[in-house]
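Chain by chain, the residues run as shown.
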Amino acid sequence: MSSSTDRRNIAVGPRNGGAAVKGVTQRVHSPNQSRNDPLEEDVQAFLIDEDQLHTFDDLTKVNPVTPATVLKCLQARYRLKVFYTHAGCTLVALNPFQPIPDLYSVDVMKEYHYATQPQEFKPHIFIVAEEAYRNVQGQLEPVNQSLVVSGESGAGKTWTSRCLMKYYATVAASAQAVSSQDAAERIERRVLDSNPLMEAFGNACTLRNSNSSRFGKYIQLQLDRAQLLVGASVQTYLLEKTRVACQPANERNFHIFYQMMKGATDEQRTDWMMPQDQGFVWLPNCEKQIEEDGFLETVEAMVHLGIDAERQRQIFRILAGILQLGNVSFCSSTNESQPCDLDQHSEDFLQRAGELLGVPAEELCRCLRVRTLKAGKQNVLKPCSRAECGVRRDCLAKVVYGQLFEWLVTFINSCICADQSKWRNFIGVLDVYGFECFQINNLEQLCINYANEKLQQHFVAHYLRAQQEEYVSEGLEWSFVKYQDNQSCLDLLEGSPISVFSLLNEESRLNRASDSTALRGRLEKELGGNDNICWDKFSKVPHFTVAHYAGKVSYQLEGMVDKNKDPVPPELIGLLQKSDSLLLHEIFSDKETEIPNSKGLSRVTVISKFKNSLENLMKLLLTTAPHYTRCIKPNSDCRPLTFKNGEVILQLEACGIVETIHISAAGFPIRIPLKSFVQRYGPIGKCSASSRLDADLDAKGANVLPQQVEQLLRVALQHNASRDERRLLVHCGKTKVFLTQPMLDLLEDRRGKVLSRCAFTIQCCWLRHQRRRRLACQQSATLIQAAVRSWLVQKRIRRWNGAASVIQNTWRKWRALLKSLAEAELDDAEDLSADDSPALSAVVRERGSVQLSSCQEPVPVRGWPMGLALASAPSITVSLTATGFQKMISVMTSLNLPSRRGEYKVETNQYKQGLASIRARPRGSVKLHYQRSPLLYADMQPDLKCDVTGFNEILLEKTL
């Protein structure tokens with residue numbers, strides 16, 4: 001957090017707070033003051049108080065602003081391991097040259113992301129990232145953002161870009177993606193995995209940096225309407241493919257070759273034909289160990305991006321073939337009409353290279369040693385010299401690696417790029433090669449430094465020049481701050497009609513051998529009047545020196561034209577198109593194989609392609625809101641926590657840091673249109689809503705806006721600030737309001753308080769409305785519930801009454817039916833008189849004797865009032881009368897009463913043959929009444945001492 005001593009009564013903010021308030025004045029000194037000039041008293045007083053220098057988290061607070069004071073402040077912070085410092089609109093980042101894991105943890109990311117005011121925290125790269133992300137969320141025009149990371153080689157640009165991408169992959173990830181178990185399919189993981197893969201194929205260890213980007217890239221992080229990361233796309237610029245075949249002294253080739261050498265298994269080495277003891281010409285300094293030599297990390301990134309094992313094998317075999325090709329050397333032939341001979345140790349290397357690249361070794365050897373010329377309609381074969389054979393070998397390696405790198409970038413884009421309909425805005429991260437100056441500089445360094453010149457011009461045009469010109473056009477009292485404008489250097493390099501690039505392109509398109517001495521003479525003749533170019537007349541090496549914004553760089557002309565041509569022999573392309581390697585065949589299937597003739601002078605050169613791509617990048621940057629991060633290299637030896645004043649101050653002056661601080665400290669970095677200002681801060685002055693404001697504008701015109709702005713400013717400042725203090729904080733221009741960061745913080749604070757009060761009032765009204773509505777709903781619900789309950793009770797009672805009536809009616813009908821059945825079952829006199837049974841004989845009727853009969857059918861046993869038929873007597877019929885002893889026997893027979901021994905014995909058929917109840921003589925079939933007859937409930941074996949009941953009370957009472 002910022003020191004409490006830096007805060008004033010009107011909140012001198014941590015950023016862009018150059019203007020002081022409440023008696024603290026801001027003195028601006030001339031930026032042209034050199035660090036060698038004698039220091040003034042105030043500068044000396046500033047430098048003496050070294051104990052407080054580390055507290056200046058924004059260089060606009062430095063008073064006075066001179067290169068010496070800025071340098072001393074950065075040195076004090078660097079000594080305390082504070083590596084980030086604000087410098088107005090830019091962020092200065094010092095490379096610590098050692099890992100600081102706690103500085104970039106996920107907890108720190110979330111802390112800056114969820115902070116209400118991230119600017120109040122310590123300066124950090126995450127503040128810049130969060131500011132850009134919130135601009136996208138707020139849809140502030142222009143909505144698309146660009147994070148421009150610049151600096152010298154080794155200043156930490158690649159690491160800074162990596163941190164930015166990791167930040168957005170963390171804070172812009174959807175909750176569904178975070179909770180997903182399949183992490184390999186997450187777009188955030190794929191975006192992050194694209195970095196180590198491109199660094200392995202595009203970065204190398206140089207004298208200035210162990211992980212130097214040898215290509216430029218602009219990564220667009222694609223966000224949807226909810227500002228969630230849904231995809232990304234990568235645009236690359238000018239890969240230094242010449243490094244494949246030519247490595248400067250004490251430097252290395254691309255990382256991927258060393259990763260293969262150090263991380264491959266024995267099985268993989270056998271497949272790649274790379275024995276342990278084999279050395280390669282194109283792999284110098286192989287014994288050097290650096291952090292980027294992680295083969296497993298590269299393979300893991302390939303897997304996450306969807307490159308399967310077979311495709312990985314094809315890629316590594318191509319790379320191994322390039323290394324084997326580098327060991328092939330040639331000997332001059334004794335006969336000039338014959339092709340060059342292979343070195344005695346090169347045949348094996350050539351055989352391996354051909355097998356790994358999928359081409360016949362004999363045809364590969366012929367293409368390297370013989371070139372095809374077109375004479376009319378015929379092709380003429382011409383043997384190549386030893387030097388030409390080496391050039392063709394190097395050209396084959398460069399074109400294969402370059403096309404492989406382009407295919408890899410295309411594959412990555414196909415994996416991580418979202419459909420156009422899924423994303424709305426983007427945040428671009430620009431990471432380009434830093435400014436370079438070596439002992440020998442060629443076309444690569446010229447293009448790299450030209451790109452840095454374009455970025456510096458973009459910064460100058462966007463901030464330094466445009467801001468000051470806008471002050472004047474808006475009527476501010478402003479005295480221009482002088483700054484270093486590099487437009488003259490750009491005119492020298494790319495101007496029209498004559499420039500360095502135009503002369504190089506013209507020389508490259510001529511169908512003749514290049515002459516560096518003649519080219520130097522032409523450059524001196526055409527561009528000798530430009531102050532940004534010069535020559536060392538005592539040097540025997542053809543060269544030219546350009547005065548860049550970051551210093552002078554001498555470029556060697558030898559080989560520059562050939563590199564600009566970038567010739568690729570067509571027979572080599574045709575050979576690769578017929579390769580057995582599926583990947584090589586796919587890469588080169590659409591390449592042209594026609595042999596160029598003498599009229600083909602309009603082919604595209606390396607400079608023209610790079611210039612066009614860079615211009616497209618600049619157009620894209622102009623449509624976005626830029627955020628600048630200046631990376632500073634504290635020492636050229638890459639030693640941890642070592643600060644060299646001379647090297648740092650040269651970078652500060654070259655990047656225009658001091659001028660930026662001057663303009664930010666004395667100027668107004670926040671500019672808001674008058675209408676937008678009134679609409680946003682209108683609640684402070686109790687102004688009307690935006691709808692009424694538009695009506696006032698139509699009625700009174702635009703003159704009402706300045707009056708409303710003045711009223712708002714008076715209310716915001718509460719008449720506490722004097723006129724001079726107000727001019728240091730805010731200025732109302734013709735169409736915009738110009739603010740400093742402290743004034744913006746003050747306005748936002750007042751607006752927040754007003755909105756809080758309004759929100760509290762709205763909440764009270766809403767809660768009261770909800771309470772009343774809830775009470776009314778409760779009362780209505782009570783009435784509805786009472787009515788429903790009453791209706792349900794009435795409905796239930798009606799159902800009960802209806803059911804009771806049905807039961808009663810049914811019961812009455814059942815009782816009547818039973819009664820009728822009982823009456824039908826009783827044998828009365830009418831039934832007996834109507835019975836047509838045969839009459840008994842008089843003897844039987846009188847005596848009641850037993851009559852034996854020869855009839856085989858059962859004969860009814862008549863005993864009034866019921867008759868029993870003993871079906872078990874097949875031939876004997878017992879017939880009883882209904883008098884005296886006969887009645888008793890009839891009853892005993894029905895009830896299965898036990899008989900006394902020796903007196904009488906009666907067998908019944910109640911259990912064995914069944915009991916038939918017959919009330920009258922059966923006619924036809926006999927129906928047994930089991931279901932409804934009272935016989936079902938008869939007591940079949942009553943106790944002897946008990947009265948006989950329960951059989952058929954009605955019948956028994958009448959019978960007994």
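Just above, that's the structure.
Note that the structure is a prediction, hence the values are computed from the model and not measured.

### A look at the overall build of the protein chain
- When you go through the protein chain residue by residue, the secondary structure sums to 33 helices and 22 strands.
- The buried share of the protein chain, reckoned over its 960 residues, is 48%.
- In the protein chain, the proportion of contacts linking residues at least 24 apart, taken out of those at least 6 apart, comes to 69%.

### Notes on the environment of Gln117
- Secondary-structure assignment places Gln117 in the loop between α3 (106–113) and α4 (125–138).
- Sequence-wise, Gln117 and Ile127 are ten residues apart; in three dimensions their C-alpha atoms are separated by 9.6 Å.

### Quick look at the sheet that holds strand β17 (residues 670–673)
- Reading across from one edge, β17-β19-β18 is the order of the three strands in this open sheet, with antiparallel pairing throughout. Across the chains shown, the open sheet's two edge strands, defined by having one partner strand only, are β17 and β18 (730–732). Neighbour to neighbour, the strand axes of the sheet diverge by 15° on average, direction disregarded.
- With four bridges joining them, β17 and strand β19 (residues 736–739) adopt antiparallel strand pairing. Looking across to β19, one finds that Arg671 is bridged to Phe738.
- Here helix α25 (residues 674–681) sits on the sheet and contacts β17, β18 and β19; the angle it forms with β17, its principal contact strand, is near 90°.

### Digging into the environment of Asp491
- Along the chain, Asp491 turns up in helix α16 (residues 487–494).
- You can call Asp491 partly exposed: its relative accessible area is 40%.
- Separated by 39 residues in the primary sequence, Asp491 and Asn530 place their C-alpha atoms 9.5 Å from one another.

### A look at the nonpolar core
- Counting residues in each nonpolar core, the largest one holds 112 residues, and the members touching the most others are Tyr168, Phe201, Ile256, Leu319 and Tyr401.
- The leading source of residues in this core is helix α14 (residues 386–416), at 14 residues.
- Membership of the second largest hydrophobic core comes to 49 residues, among which are Trp423, Val553, Leu614 and Leu617.

### Considerations on the packing of helix α5 (residues 157–171) against helix α7 (residues 187–202)
- Running from N to C, α5 and α7 point in directions that differ by 165°, and their axes come no closer than 9 Å. Classified by the angle their axes make, α5 and α7 are roughly antiparallel. Seen from above, α5 lies across α7 with left-handed handedness. Residues Thr158, Arg162, Met165, Lys166 and Ala169 of α5 form the contact with α7, whose participating residues are Glu188, Val191, Leu192, Ser194, Asn195 and Glu199.
- Looking at the contact of α5 with α7 residue by residue, the classes come out as four nonpolar, three polar and four charged.

### Overview of the sheet that holds strand β3 (residues 145–151)
- Strand order in the open sheet formed by seven strands is β1-β2-β16-β3-β12-β6-β7, with mixed pairing between adjacent strands. Since the sheet does not close on itself, it has two edges, and those belong to β1 (84–87) and β7 (229–237), each with one partner. Across the sheet, the mean angle separating the axes of adjacent strands is 20° when strand polarity is ignored.
- The pairing of strand β2 (residues 90–94) with strand β16 (residues 625–632) spans five bridges and is parallel.

### Looking at α3
- Within the span of α3, buried status applies to Val108, Met109, Tyr112 and His113. The buried residues of α3 occupy one face: seen down the axis, they fall within an arc of 135°.
- Check the buried side of α3 and you find it contacts α4 and α5.

Conventions adopted
- Residues numbered from 1 in each chain as written.
- Predicted model: local features only at pLDDT ≥ 70, side-chain atom pairs only at ≥ 80, totals over all residues.
- Heavy atoms only, no water.
- Helix = DSSP H or I, 4+ residues; strand = E, 2+ residues; numbered from the N terminus.
- Buried < 20%, exposed > 50% of the residue type's maximum accessible area, 1.4 Å probe, protein only.
- Contact = heavy atoms within 4.5 Å.
- Pairing = 2+ DSSP bridges.
- Axes fitted to C-alpha atoms, helices over the stretch in contact; angles between N-to-C directions.
- Core = buried A, V, L, I, M, F, W, Y, C linked by side-chain atoms within 4.5 Å.
- Parallel < 35°, antiparallel > 145°, perpendicular 65-115°, else oblique.
- Left-handed = near helix turned anticlockwise from the far one by under 90°.
- Nonpolar A, V, L, I, M, F, W, Y, C, P; charged D, E, K, R; others polar.
- Arc of directions from axis to C-beta.

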